[in-house]
Amino acid sequence: MDYREAEQRAPLKRVWKGMIPIELQLAASDAIELLASAVLPEPFQTFYMLIPRVSYLPFISPKIKERWLDPMLALSRSDQEIKESDIWFEYKNQALKWHYPIGLLYDMLVTDVHKGDAELPWSLTLHVRKLPTAKIIAQPNGQLMRDMFMAMIKEADFTRNGSTKRVMDLAKSDQMQFLDGLESHTYEKYFAIHSILVPPSTSADARAPVSSAQKSRPAVVPKAIPVRFYMQTAGSLDDAAKETPAAGAQAAGASAARQADITQFHVSQVPIPLYREGST
């Protein structure tokens, strides 16, 4: 890697290294089912962990199970079993969409984060029973998350280049390395393949040295820049129903109308060209 490529990767590396400290507590209802008591043993009442912003919840669930839940069950001599696909997270009574990046969830849900008033550590409730499939996708596990992430990469490749050739031309070992780097949060493994999918742009500075690898790599101008926007929905019918009966019925009707409008336009994918027609 020459200095130009290192310079272009510097912002990516800063984003990649972003971390969020979290504070986990097991839901009381789940604790009662697991241990016949809402009060956990003293060393296990709270679990702290530092997690990557660019990662996903199914990738951290195995570590939580291994380092917290399994030792807790062993100490309590409980015969209950916890599956990784049963683990889900909640923040202020809202189930977290596990297929969203962790940093995105934090930025969307911690209401004062944009004011600089960050909630750190981020206090979450952990559940291991009764996955709310009406609110989040079922079976949150690492393999499904890997499959969903590769589907997003193919969408981005098609938007950028007009085809999924770059992704489909990856060797199986390269695809595995790419996903392993994401799951284990290993910068070198991930970006070794990322640089194949998204080659660094060429410099206009003729004085800058050019490596032999860059000479052999043809410059490709992307057709468009793939960008995904996440839009928060305004309220929910569950929240409206918790109000007084009269006000609740009125608010529920208004909320239902908002929900109908939102669901119609919740996802929008429009290719945006790099240049306008006639421009240089």
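The chain is annotated in an unreviewed UniProt entry as Autophagy protein 5 from Coemansia linderi.

A closer look at the environment of arginine 228
Tracing the backbone through its elements, the reader meets arginine 228 in the loop between helix 9 (212-216) and helix 10 (237-241). Judged by relative accessible area, arginine 228 falls into the partly exposed class, the value being 40%. Along the backbone, arginine 228 and alanine 156 are 72 residues apart, and their C-alpha atoms lie at a distance of 9.1 Å. At 2.7 Å, the side chain of arginine 228 forms a polar contact with the side chain of glutamate 155.

As for the environment of methionine 148
Within the secondary structure, methionine 148 is located in helix 5 (residues 142-161). Sequence spacing of methionine 148 and histidine 99 is 49 residues, and the spatial spacing of their C-alpha atoms is 7.8 Å. If we skip the residues at most four places from it in the chain, methionine 148 touches Trp98, His99 and Ile137.

Remarks on the packing of helix 7 (residues 172-184) against helix 8 (residues 187-197)
For the pair helix 7 and helix 8, the least separation of the axes is 7 Å and the interaxial angle reads 130°. One way to sum up the angle between helix 7 and helix 8 is to call them oblique. Crossing hand, helix 7 versus helix 8: left-handed. Residues Asp174, Gln177, Phe178, Asp180, Gly181 and Leu182 of helix 7 pack against Glu188, Lys189, Tyr190, Ala192, Ile193, His194 and Leu197 of helix 8. Taken together, the residues of the contact of helix 7 with helix 8 sort by class into six nonpolar, three polar and four charged.

Comments concerning the environment of arginine 9
Within the element layout of this structure, arginine 9 appears in helix 1 (residues 3-16). With a relative accessible area of 14%, arginine 9 lands in the buried category. Sequence-wise, arginine 9 and serine 195 are 186 residues apart; in three dimensions their C-alpha atoms are separated by 9.5 Å.

Rules and cut-offs
- Residues numbered from 1 in each chain as written.
- Predicted model: local features only at pLDDT ≥ 70, side-chain atom pairs only at ≥ 80, totals over all residues.
- Heavy atoms only, no water.
- Helix = DSSP H or I, 4+ residues; strand = E, 2+ residues; numbered from the N terminus.
- Buried < 20%, exposed > 50% of the residue type's maximum accessible area, 1.4 Å probe, protein only.
- Polar contact = N/O pair within 3.5 Å; in protein donor to acceptor, adjacent residues only side chain to side chain.
- Contact = heavy atoms within 4.5 Å.
- Axes fitted to C-alpha atoms, helices over the stretch in contact; angles between N-to-C directions.
- Parallel < 35°, antiparallel > 145°, perpendicular 65-115°, else oblique.
- Left-handed = near helix turned anticlockwise from the far one by under 90°.
- Nonpolar A, V, L, I, M, F, W, Y, C, P; charged D, E, K, R; others polar.

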